[in-house]
Structures are given as structure tokens and as C-alpha cells.
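# Summary of the model geometry
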Amino acid sequence: MRTQDLEYFVALVQHMNFQKAAEACDVSQPTLSIQIKKLEEELGIPLLHRKGKGFSLSPTGLHLLPLIENILREVHNLQEMARWLRFQPVGVINIGITPTLGSYIHEDLFSVFKEKFPDNEIKLHEVNEDNLLSMLDKGQLQLGLLIGPIDNDRFLEAQLYEEQFVLGVNISHPLSSYEAIELKDLKKHKLIMTKSMPEHLQLEPGSEEILNHARSISNDLETIRYMVRNSDNVSFFPKLSTLGNEQNSIKYINIKDNNLSRKVFLMMREGDIMKEKYYSFGNDVAGRISARLCPARQGM
């Protein structure tokens, strides 16, 4: 029995028209009709009542339809599992992460991973966004973390967290005496940022001009931090990257009246059979990160 013939039958039920079902299956109408007839002969029961050029489902066809649909789902799951195993050693889950997210979320990933996948090994791969999506699509990665949303039909995405940006300045900088500033206060200062930051910043309308005089010099946040620490340059830093990184040489300042933030998403292939477990993994990672970003709120 060919699964293809089962697919022909399900397509026919969906369209209730031989020609439309054949087009949906990318075969000729006679081919689809012949193969469904062969399926009936193999099963020894009629799936259809044929009346001239028309037809209707037989009682047995109606009864078997849910079972056939379930068989096709299980075959699809088997194919997905084989595809997953084909690209990696058993037990290894590969996670891609874009460079701008930095290593400061690694601890959260590893801690939750040990709880959710105690028998598996985690491997992190630092890749840019385009390569990450390509590797995810090919099955070379099971999960990806990147700034989004992406809105691609081939992938499922779940928001892990949203974090605000703060301004980092050297403690000898004139702005170091401020606890909070407005973006317009930065116009006369040397603003630097990572190359990808402008496209990820969610600026309030009218605030975009602040980027006009900024210099994009690297995609390594730690390079930016080093330059701020040792010069009169200032830069934006995602809040998470400043936790546990409070150094005497840098002052981090809140930004008033502007939702300067970015959203980080967990990505996976749409048909992945482990997606429910991956969603659960993402939820737990999100909980840990949220507790770090808003410790006071978590204690309420």
C-alpha cells in the first residue's frame, strides 16, 4: 500500500472534485482516479460511491478517513525524525545564536537545557541571521535565537524576552552624573554602536535622527564596551548585557521617554516533531531571563 495513494484519497475528500484533487497532488486526473481505484481493490472495500461523473463517500470511506489521515500524520512525523537524525549525532541539539545577543544568555540556556534535556548534549553555534535561518531550514540547527520578529512561514517563533537599552559612558564622561537622559541629549556626544543595532532599535517616531551622527564600527558588543570604557565615546547597551557587568569604569544610564528596546525570539522549523518540547524549553528560558531583568517584579 502506497502512502501516495492515501494522500490522493485525502485530497479528493478535501476538494470533492477529481480534477482539483489531481491538480493539488500535481498528477493527471486519470492517474489519481486509477490509483484510488487500486487502493479500493487492495483494501477490498469501496471508498467511494460513483454516480456517472459524480461521486460521494461510501460509509466505509467515511469511517476510514480519520484513520488514513492519522496514518499520513505519523508517516510525516517519521520523515521529520529521520531528517533530524540525518544531520547530527544522536543526542546532540544544535542551537544557533546571533553574535549581537552575546554570551550573557548562555548560562540561562545551559541551565534550562540540563533540566529539559538531561540525556542530550547542547552545542551553540554563533552565526549571522541569514545563515542561522538557512541552517535551521536544512536541519543543521534545531533551534535559533535571534532578534525579531521574523515572520517567515517556514518557521515557528516564540518571543523569549524584550529588553530595554541603556546608555553606557565612561565614569569621567560629562554624562556620568546623570541617572537618566533623553535621546536629544546625545546629539553633541560621540555615539557609537554595533553595525546591526540601527535596524534592531525600536525608536519612537521622531527619534530616528539620533542615529544620523552615530558611527557603526563593529558587531562585537564587547569591542564597543571596551571603547566606551577607554574613551569619550558613548553607546547603547542591551540591559541584559549590563547585569553582572557593573564596572567602576562604566556608568549605565536609563533613557527617558523612549521605548528603546529589542525583542529576542526562539525559532524552530514549522514541522519539527519536538516543537512542543522546544516551546517548553523556551518558556523556561524566558522565565529565567525575565527574573534577571525584573527581579523586583518576580518577587511580588
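In this text, all values refer to a predicted model and were calculated from it rather than measured experimentally.

## Considerations on the packing of helix α1 (residues 3–15) against helix α3 (residues 29–43)
- Direction vectors running N to C along α1 and α3 enclose 110°, while the axes themselves pass 9 Å from each other. The angle between α1 and α3 falls in the class roughly perpendicular. In terms of crossing hand, the pair formed by α1 and α3 is left-handed. Here D5, L6, Y8, F9 and L12 of α1 lie close against α3, whose contacting residues are L32, Q35, I36 and L39.
- Partitioned by chemical class, the residues of the contact of α1 with α3 number 7 nonpolar, 1 polar and 1 charged.

## Let's talk about the pattern of salt bridges
- Throughout the structure, instances matching the rule amount to 12 salt bridges.
- Where K116 meets D284, a salt bridge forms, and the shortest distance between an N and an O atom there is 3.2 Å. Here D284 lies in helix α10 (residues 275–293) and K116 lies in helix α5 (residues 106–116), a separation of 168 residues in the sequence.
- Accessibility expressed as a relative area gives 22% for K116, which makes it partly exposed.
- D272 is the salt-bridge partner of R269, the closest N and O atoms lying 3.4 Å from each other.

## Some remarks on α5
- Of all the residues in α5, the buried ones are D108, L109, V112 and F113. Along the axis of α5, the buried positions cluster into a sector of 125°, meaning they face one direction only. When the buried face of α5 is taken as reference, the exposed residues oriented beyond 90 degrees from it are E107, K114 and E115.
- Looking at the buried residues of α5, the elements they touch are β3 (92–97), β4 (121–126), β5 (143–148) and α10.

Conventions used here
- Every chain's residues receive numbers from 1 upward, in the order its sequence appears when written.
- Local features in this predicted model are restricted to residues of pLDDT 70 or higher, and side-chain atom pairs are both shown and tallied only at a pLDDT of 80 or more, whereas totals for entire chains, interfaces and linings draw on every residue.
- Side-chain metrics rest on all non-hydrogen atoms present in the structure, leaving aside hydrogens and water.
- Axis geometry follows a simple rule: fit a line to the C-alpha atoms, using only the stretch in contact for helices, then measure angles between N-to-C directions, giving values from 0 to 180 degrees.
- Numbering of helices and strands starts at the N terminus; helices are DSSP runs of H or I of at least 4 residues and strands are runs of E of at least 2.
- For classification purposes, an angle smaller than 35 degrees is called roughly parallel, one larger than 145 roughly antiparallel, one from 65 to 115 roughly perpendicular, and anything else oblique.
- Left-handed describes a crossing whose near helix is turned anticlockwise from the far helix by less than a right angle; the clockwise case is right-handed.
- Contacts are assigned to residue pairs that have any heavy atoms within 4.5 Å of one another.
- The residue classification treats Ala, Val, Leu, Ile, Met, Phe, Trp, Tyr, Cys and Pro as nonpolar and Asp, Glu, Lys and Arg as charged. All others, Gly included, are polar.
- Each salt bridge in this description consists of a side-chain nitrogen of Lys or Arg and a carboxyl oxygen of Asp or Glu lying within 4 Å of one another.
- Buried, partly exposed and exposed residues are distinguished by accessible area as a fraction of the type maximum, computed with a 1.4 Å probe on protein chains only: under 20%, between the cut-offs, and over 50%, respectively.
- Of all possible arcs, the one meant is that of the directions from the helix axis to the C-beta atoms.

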